[in-house]
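# Observations on the model geometry
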Amino acid sequence: FYTTKRNFSLHEKLLHIATTMTVRFADSVLFTVPWLKEIWMGPYSLHYKDLHIVPNPMLPQEPAVSTSSKVFLAAGRPMRIKNIAMLKDEVWPQIQREHPNAILDTEPKGHAEYQEALRHACAVILPSLSDVSPNSILEAIRYGKPFICTQDTGLYDEYKELGMFVDTKNTQELTDAIRTMLTPEGYTEACHRVQKPVAVRDAASVARGFRSLLVR
């Protein structure tokens, strides 16, 4: 996006100016993942800024709830970057023909409703074209749910051994990942991978990260 010459609309130009000025006059700039920091370094001239990483919480892992369901949870807002339409209209019809009992759940949910759906889903799909630090994947890891996630994410480096990261712009690649998850061997392997131990970051430790910068 930043390395290709683009013709921005007036609205987009104003957003870019506002972002640039905000960053320029900020005392510190915080990111949740190093991935986004590296993307922003050049376009927003951050080389001389005070930069910090304060990651999102990663709560302790819970025992996975065993399930025989074939529900794939992909609940998300109807935004183009979330890529839900491609998953529903291009990928899922192929999956449905091969696995009629597989169910795709894309209905937006409140927090409590999502947590309940997650506990009883067989897997999570994040088909977004790009996603910085998706909490839906952190929650999937917490509850031991296999997941398929966009490879354009700041979570890749830390969690690449735990799930399937794919090019979600490629219909065939996303379809093949779901097919693999629907085989007994593929699903068993995915369950083992997502249950590997991870570093815990509770809300208090994240708050301390912010506080340490605010009180300097």
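Refer to the structure above for everything that follows.
Residues numbered from 1 in each chain as written. Predicted model: local features only at pLDDT ≥ 70, side-chain atom pairs only at ≥ 80, totals over all residues. Heavy atoms only, no water.

In this structure the tally under the stated criterion is eight aromatic pairs. With a centroid separation of 5.1 Å and an interplanar angle of 90°, the aromatic rings of Phe1 and Tyr2 are classed as edge-to-face. Judged by its relative accessible area of 34%, Tyr2 falls in the partly exposed class. The interplanar angle of 90° and the centroid separation of 5.3 Å between the aromatic rings of Tyr156 and Phe165 together place this pair among those described as edge-to-face. A residue is classified by how much of its surface remains accessible, and Tyr156, at 34% relative accessible area, is partly exposed. Among the aromatic residues, ring-to-ring pairing joins Phe1, Tyr2, Phe8, Phe31, Trp40 and Tyr44 into one connected group. (Phe/Tyr/Trp six-rings, centres within 6.5 Å; stacked < 30°, edge-to-face > 60°. Buried < 20%, exposed > 50% of the residue type's maximum accessible area, 1.4 Å probe, protein only.)

Attention shifts here to the pairing of strand β6 (residues 147–150). Walk down a regular strand and you will see the side chains alternate between the two sheet faces. Of the pairings in the sheet, the one linking strand β5 (residues 123–126) to β6 comprises three bridges and is parallel in character. Looking across to β6, one finds that Leu126 is bridged to Cys149. With helix α5 (residues 135–142) bridging β5 and the parallel β6, this β-α-β connection has right-handed handedness. Pairing geometry for β6 and strand β7 (residues 164–166), over three bridges, is parallel. The residue of β7 that forms the bridge with Thr150 is Val166. (Pairing = 2+ DSSP bridges. Helix = DSSP H or I, 4+ residues; strand = E, 2+ residues; numbered from the N terminus. Right-handed = clockwise from strand over helix to strand, strands pointing away.)

All right, on to the sheet that holds strand β4 (residues 103–105) then. Backbone-to-backbone hydrogen bonds join strands into a sheet, with any given pair of strands oriented parallel or antiparallel. Spatial strand order, β4-β3-β5-β6-β7: five strands in an open sheet with parallel pairing. Across the chains shown, the open sheet's two edge strands, defined by having one partner strand only, are β4 and β7. For this sheet, the mean angle separating the axes of adjacent strands, direction not counted, is 25°. Sheet topology places strand β3 (residues 71–73) next to β4; three bridges connect them, and they run parallel. Note on β4: the bridge partner recorded for Val71 is Ile103. (Axes fitted to C-alpha atoms, helices over the stretch in contact; angles between N-to-C directions.)

What follows deals with empty space enclosed by the protein. Going through the model one piece at a time under the given rule, you end up with one cavity of 30 Å³ or more. Every residue lining the largest cavity is listed: Pro146, Phe147, Leu162, Gly163, Met164, Met181, Ala190 and Arg193. Considered class by class, the residues forming the lining of the largest cavity number six nonpolar, one polar and one charged. (1 Å grid on protein atoms, 1.4 Å probe; cavity = no way out; pocket = protein on both sides within 12 Å on 5 of 7 lines; lining within 4 Å. Points joined across faces, edges and corners; volume = space filled by probe spheres on them. Nonpolar A, V, L, I, M, F, W, Y, C, P; charged D, E, K, R; others polar.)

Within helix α7 (residues 171–181) the residues assigned to the buried category are Thr171, Leu174, Thr175, Ala177, Ile178 and Met181. Projected onto a plane normal to the axis of α7, the buried residues spread over an arc of 160° and lie on a single side. Looking at the buried side of α7, the elements it contacts are β3, α3 (84–98), β5, β6, β7 and α8 (184–194). Where α7 begins, the capping side chain belongs to Asn170, and its oxygen is found 3.0 Å from the backbone nitrogen of Gln172. (Arc of directions from axis to C-beta. Contact = heavy atoms within 4.5 Å. Polar contact = N/O pair within 3.5 Å; in protein donor to acceptor, adjacent residues only side chain to side chain.)

On to the packing of α3 against α7. As a packed pair, α3 and α7 sit with axes 10 Å apart at the nearest point and diverge in direction by 45°. One way to sum up the angle between α3 and α7 is to call them oblique. In this structure, the crossing between α3 and α7 has a hand that is right-handed. Contacts between α3 and α7 involve Met86, Leu87, Glu90, Val91, Trp92, Gln94, Ile95 and Glu98 on the former and, on the latter, Thr171, Leu174, Thr175, Ile178 and Arg179. Partitioned by chemical class, the residues of the contact of α3 with α7 number seven nonpolar, three polar and three charged. (Parallel < 35°, antiparallel > 145°, perpendicular 65-115°, else oblique. Left-handed = near helix turned anticlockwise from the far one by under 90°.)

A separate point is the state of the cysteines. For the structure on display, the rule yields zero disulfides. Among the cysteines around Cys122, which has no disulfide bond, Cys191 carries the closest sulfur, lying 8.6 Å off. Note on Cys149: no disulfide assigned, nearest cysteine sulfur contributed by Cys122 at a separation of 16 Å. (Disulfide = S-S within 2.5 Å.)

It is worth spelling out the pattern of salt bridges at this point. Per the counting criterion, the structure on display carries eight salt bridges. In this structure, Glu158 and Arg201 form a salt bridge, with 3.1 Å as the shortest nitrogen-oxygen distance. With Glu158 in helix α6 (residues 156–159) and Arg201 in the loop between α8 and α9 (203–214), this pair connects stretches of sequence that are 43 residues apart. We classify Arg201 as buried; its relative accessible area is 15%. Salt bridges here are not isolated pairs; linked through shared partners, they connect Glu98, Asp176 and Arg179. (Salt bridge = Lys/Arg side-chain N within 4 Å of Asp/Glu carboxyl O.)

Fair warning: the whole summary comes from geometry, so function is off the table for now.
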